[in-house]
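Topology and contacts: notes
The residues making up each chain are set out below.
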Amino acid sequence: MGKFGKGDSSWFTHDRFGMFIHWGIYSMHARGEWQGVIENMSDEQYHNYFKYFNPDLFDAKIWAKAAREAGMKYVVFTVKHHEGFCMYDSKFTDYKSTTACGRDLLREVVDAFRAEGLRIGLYYSLIDWHHPHFEIDVNHPYRERDDREELNKTRNMDIYRQYMKDQIREILTNYGDIDIGWFDFSYPHVPYNPKGREEWDSEGLIKLIRSLRPDIMLNNRLDLPGEGDITTPEQNTPEDPIYDDNGNVAVWEGCQTFGGSWGYKRDEYTWKSEKQCVDMLINHVSRGGNLLMNVGPTSRGFLDDRALTGLGYFAKWMKYCSRSIYGCGIAPEEFPEPRDCRYTYNPETKRLYLHVMNWPCMYLILPNMAGKIAYAQLLHDGSEVPFKESHPSFLHDHLAVHAPKGSVILTLPVKKPDITVPVVELILND
Ligand code: GLC
């Protein structure tokens, strides 16, 4: 339990699957969300994006519907990314969507996603390239300028810290129930003007957040060990569960992209395949984690075909297999995973889900399962899967399937069923 309270993780570890949305005026240059720094852009250069931002094709209802159909149960939306542009109507700046295009984009997102039954999470960047009092550091577009020290003399982080608090109060009070606070990020060990708990006043921020919303789920990027409810690996899928300092499985959420970039990237050619996407979801849940899958909408406000196709991969699979995801997590140790398979387990229904990542030839051997299975079926079509504890041949010994003692042999259809990753639902004996 953190010093300043703890969020309600019960819904979070049940729902397992959310949509990350990285949308800002960086979608104009269409080269990802870090380009301001990568190209050392000046405020003047960046101003074009603010001036010409026109999300005329934005309809949050379309996004929300696509998320719901993909099986996602919550959304995390970038209210402000590192560029500092606010996607909502803030009293504390003019660098916001209501000034740029006359729309409170956050309001539209929140309303549409709630209407589809999804919970709401807000991403707020601690880094701010636009705020005149944010001290220039290694993650700032002016980091290589000769006059950076000179510029920093006029910058006062006290003012910036107050700005963050004012904005966080705004977004947590003006937009209804917010279920997740996602703060990004700390770098206390870099050589030039590191930032962490002191520079952000992380304690002050957490106290403020919990005073406004005691149950909110908080991520762990505020550099305050022991605080934060969600561990957030990024762009990698942990092989094993993640444990906290007390050796308990941590609540964790891997955030992932379809291509390599979070913000819209037009010239992106590294899109993940259908199989990779579905595998990723299974791999997260089987290790006790959630998957937060990102989309980066275009500057005109639509999800391009690649993003919609990617969401469709999940929709197709989740329509038939979501029972192995919702309410599920790591399987008990007494069920060792067979070759090329992943288990998930639902502790409420006590059902075990066998995800066959690589389709075998007819027989699949489940170690240590003898006497434990009451019934087995393919999850997507509810068709029975016959099983035996050993498989002697009636004709010739050499046709017998050899399986170690204590195991069960499933007889699967020779042809892989027409679903990205087939799942066998194992109903266990009481
Ligand atoms: C990193 C990046 C950022 C992205 C985030 C998602 O912290 O700076 O662009 O929003 O990861 O986890």
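Residues numbered from 1 in each chain as written. Predicted model: local features only at pLDDT ≥ 70, side-chain atom pairs only at ≥ 80, totals over all residues. Heavy atoms only, no water.

**A short note on the nonpolar core**
Among the nonpolar cores identified, the biggest contains 91 residues, and Phe113, Trp200 and Trp317 are the most heavily contacted of them. With 22 residues, the next largest nonpolar core counts Cys341, Trp359, Ile373 and Leu428 among its residues. (Core = buried A, V, L, I, M, F, W, Y, C linked by side-chain atoms within 4.5 Å. Buried < 20%, exposed > 50% of the residue type's maximum accessible area, 1.4 Å probe, protein only.)

**Thoughts on unusual backbone geometry**
The omega torsion of the bond from Asp184 to Phe185 falls at -15 degrees, within 30 degrees of zero and hence cis. Here the phi dihedral of Arg16 falls at roughly 70 degrees; this positive angle occurs in a residue that is not glycine. Positionally, Arg16 belongs in the loop between helix 1 (10–15) and strand 1 (17–21). One non-glycine residue, Asn193, adopts positive backbone phi at about 50 degrees. If you trace the backbone, Asn193 turns up in the loop between strand 4 (180–184) and helix 9 (197–200). (Helix = DSSP H or I, 4+ residues; strand = E, 2+ residues; numbered from the N terminus.)

**Some details on the packing of aromatic side chains**
Ring pairs (aromatic) are described by centroid distance and by the angle formed between their planes. Applying the stated criterion across every chain yields a total of 29 aromatic pairs. Relative to Trp63, the ring of Phe58 lies with its centre 4.7 Å away and its plane at 55 degrees, an arrangement referred to as tilted. Grouping residues by exposure puts Phe58 and Trp63 together as buried. Members of the aromatic cluster, joined through ring pairs, are Trp34, Trp129, Phe134, Tyr160, Tyr163, Phe185, Tyr187 and Trp200. In this structure, Arg145 packs its charged tip against the face of Tyr142, placed 4.2 Å from the ring centre. Taking the ring centre of Phe134 as reference, the NZ or CZ of Lys195 above it sits at 4.9 Å. (Phe/Tyr/Trp six-rings, centres within 6.5 Å; stacked < 30°, edge-to-face > 60°. Lys NZ or Arg CZ within 6 Å of the ring centre and 35° of its normal.)

**Here we look at the site of the ligand**
If you check the shell around the ligand, you find 14 residues, and the closest are His22, Glu33, Trp34, His81 and His82. Residue His82 places a side-chain N or O atom 2.8 Å away from an oxygen atom belonging to the ligand. When the free accessible area of the ligand is taken as 310 Å², the share hidden by the protein chains comes to 94%. (Near = heavy atom within 4 Å. Polar contact = N/O pair within 3.5 Å; in protein donor to acceptor, adjacent residues only side chain to side chain. Areas by Shrake-Rupley, 256 points an atom, 1.4 Å probe, with all protein chains shown as cover.)

**A look at the sheet that holds strand 10 (residues 363–366)**
Taken in spatial order, the three strands make up an open sheet running 10-14-13, and their pairing is antiparallel. This sheet does not close on itself; its edge strands, each paired only once, are strand 10 and strand 13 (387–388). Pairing geometry for strand 10 and strand 14 (residues 408–411), over four bridges, is antiparallel. Each residue of the ladder has a partner; that of Leu364, found in strand 14, is Leu410. (Pairing = 2+ DSSP bridges.)

**Brief notes about the environment of Asp104**
In this structure, Asp104 sits in the loop between helix 5 (97–100) and helix 6 (105–115). The exposure class assigned to Asp104 is buried, which follows from its relative accessible area of 15%. With 18 residues separating them in the primary sequence, Asp104 and Cys86 have C-alpha atoms 9.4 Å apart. The residues contacting Asp104, other than those within four sequence positions of it, are Met87, Tyr88, Asp89, Ser97, Thr98 and Tyr175. At 2.6 Å, the side chain of Asp104 and the side chain of Tyr175 are in polar contact. (Contact = heavy atoms within 4.5 Å.)

**Some points on the pairing of strand 2 (residues 74–80)**
Most of strand 2 sits inside the fold, with seven of its seven residues counted as buried. Bridge count for strand 1 against strand 2 is four bridges, and the pairing is parallel. In the sheet register, Phe20 faces strand 2, and the bridge partner there is Val76. The pairing of strand 2 with strand 3 (residues 119–125) spans six bridges and is classified as parallel. Bridging from a neighbouring strand, Thr78 pairs with Tyr123 of strand 3.

**A closer look at helix 10 (residues 202–212)**
All of the buried residues along helix 10 are Ser202, Gly204, Leu205, Ile206, Leu208, Ile209 and Arg210. On its buried side, helix 10 packs onto helix 8 (157–173), strand 4, helix 9 and strand 5 (217–218).

**Remarks on the sheet that holds strand 11 (residues 373–378)**
The strands that make up a sheet pair up through hydrogen bonds in the backbone, lying either parallel or antiparallel. Spatially, 8-9-15-11-12 is the arrangement adopted by the five strands of the open sheet, whose pairing is antiparallel. Either end of the sheet is taken by a strand with one partner, and the two such strands are strand 8 (341–346) and strand 12 (383–384). In the sheet, strand 11 pairs with strand 15 (residues 423–428) via five bridges, with the strands oriented antiparallel. If you follow Gln377 over to strand 15, its bridge partner there is Glu425. Contacts from helix 11 (residues 274–286) reach strand 8 and strand 9 (351–356), with the element oriented near 55 degrees to strand 8. (Axes fitted to C-alpha atoms, helices over the stretch in contact; angles between N-to-C directions.)

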